[in-house]
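Residue-level structure breakdown
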Amino acid sequence: MCRNIKALFNFEPPATEEEIRQAALQFVRKVSGYNKPSQANEAAFNAAVAEIAVITSTLLDSLETHTSPKNREEEAAKARARRA
């Protein structure tokens, strides 16, 4: 899995549309092998990003958990500490 795709479920505040779109973009880039598609492939690339973003939003809205939401800032601090 692409290291740039972050977990988006069970956070407070919830994932934004932009975060979901960025994850979809990273996924399509990884699968297609394109960082920026050619003009011939741009429409298909952008359509895939849009569809995956919608599907991801649906998934996040459908998931259930019994744990309390994680705090984004605390999780970011933990990630920085792991990298250090």
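For the protein chain, an unreviewed UniProt entry supplies the name DUF2277 domain-containing protein and the organism Ktedonobacter robiniae.

1. Some words on the pattern of salt bridges
Enumeration according to the criterion identifies two salt bridges in this entry. As a salt-bridge pair, Glu-19 and Arg-72 come within 3.3 Å of each other at their nearest N and O atoms. Taken as a pair, Glu-19 in helix H1 (residues 17-32) and Arg-72 in helix H3 (residues 72-83) lie far apart in primary sequence, 53 residues in all. When the shortest N-O distance is used, the salt bridge between Glu-75 and Lys-78 registers 3.3 Å. One end of the pair is Glu-75 and the other is Lys-78, both in helix H3 and three residues apart, which spans about a single turn. Taking the relative accessible area as the measure of exposure, Glu-75 reaches 23% and is therefore partly exposed.

2. Description of helix H2 (residues 39-62)
Look at H2: 35 Å from first C-alpha to last across 24 residues, which is about the 34 Å you get at 1.5 Å a residue. Within the sequence span of H2, burial applies to Phe-45, Val-49, Ala-53, Thr-56 and Leu-60. Buried residues along H2 sit in contact with H1.

3. Examining a positive patch on the surface
A surface patch of positive charge is lined by Lys-6, Arg-80, Arg-82 and Arg-83. Among the secondary structure elements, Arg-82 is positioned in helix H3.

4. Focus: the nonpolar core
Counting eleven residues, the largest nonpolar core consists of Leu-8, Ala-15, Ile-20, Ala-23, Ala-24, Leu-25, Val-28, Phe-45, Val-49, Ala-53 and Leu-60. At the level of elements, H1 and H2 are the ones that each hand at least two residues to this core. The biggest single contributor to this core is H1, with five residues. The residues touching Leu-8, leaving out its near neighbours within four places in the chain, are Ala-15, Glu-19, Ile-20, Ala-23 and Leu-60.

5. Focus: the environment of Arg-72
Between the C-alpha atoms of Arg-72 and Val-54, which are 18 residues apart in sequence, the distance is 22 Å. If sequence neighbours within four positions are ignored, Arg-72 has contacts with Phe-11, Glu-12, Pro-13, Pro-14, Ala-15 and Glu-19. At 2.8 Å, the side chain of Arg-72 and the backbone oxygen of Pro-13 are in polar contact.

6. Side note on the layout of surface pockets
In this structure, the largest pocket spans a volume of roughly 570 Å³. Lining the largest pocket are 17 residues, with Lys-6, Ala-7, Phe-11, Ala-76 and Ala-79 sitting closest to its centre. Looking at the lining of the largest pocket, the elements that each hand over two or more residues are H1 and H3. Ranked by residues supplied to the lining of the largest pocket, first place goes to H3 with six residues. Counted as a void, the second largest pocket has a volume near 260 Å³. Lining the second largest pocket we find 14 residues, and of these Ile-5, Leu-8, Ala-23, Thr-56 and Leu-59 sit closest to its centre. Of all the secondary-structure elements, those providing two or more residues to the lining of the second largest pocket are H1 and H2. Among the elements that line the lining of the second largest pocket, the one with the most residues is H2, at five residues. In terms of residue class, the lining of the second largest pocket is made up of twelve nonpolar, one polar and one charged.

About the thresholds
- Residues numbered from 1 in each chain as written.
- Predicted model: local features only at pLDDT ≥ 70, side-chain atom pairs only at ≥ 80, totals over all residues.
- Heavy atoms only, no water.
- Salt bridge = Lys/Arg side-chain N within 4 Å of Asp/Glu carboxyl O.
- Helix = DSSP H or I, 4+ residues; strand = E, 2+ residues; numbered from the N terminus.
- Buried < 20%, exposed > 50% of the residue type's maximum accessible area, 1.4 Å probe, protein only.
- Expected span 1.5 Å × (residues − 1).
- Contact = heavy atoms within 4.5 Å.
- Patch = residues over 30% accessible without salt bridge, like charges linked within 9 Å, V, L, I, M, F, W, Y side chains within 5 Å.
- Areas by Shrake-Rupley, 256 points an atom, 1.4 Å probe, with all protein chains shown as cover.
- Lys, Arg positive; Asp, Glu negative; His and termini not counted.
- Charge placed at Lys NZ, Arg CZ, Asp CG, Glu CD.
- Core = buried A, V, L, I, M, F, W, Y, C linked by side-chain atoms within 4.5 Å.
- Polar contact = N/O pair within 3.5 Å; in protein donor to acceptor, adjacent residues only side chain to side chain.
- 1 Å grid on protein atoms, 1.4 Å probe; cavity = no way out; pocket = protein on both sides within 12 Å on 5 of 7 lines; lining within 4 Å.
- Points joined across faces, edges and corners; volume = space filled by probe spheres on them.
- Nonpolar A, V, L, I, M, F, W, Y, C, P; charged D, E, K, R; others polar.

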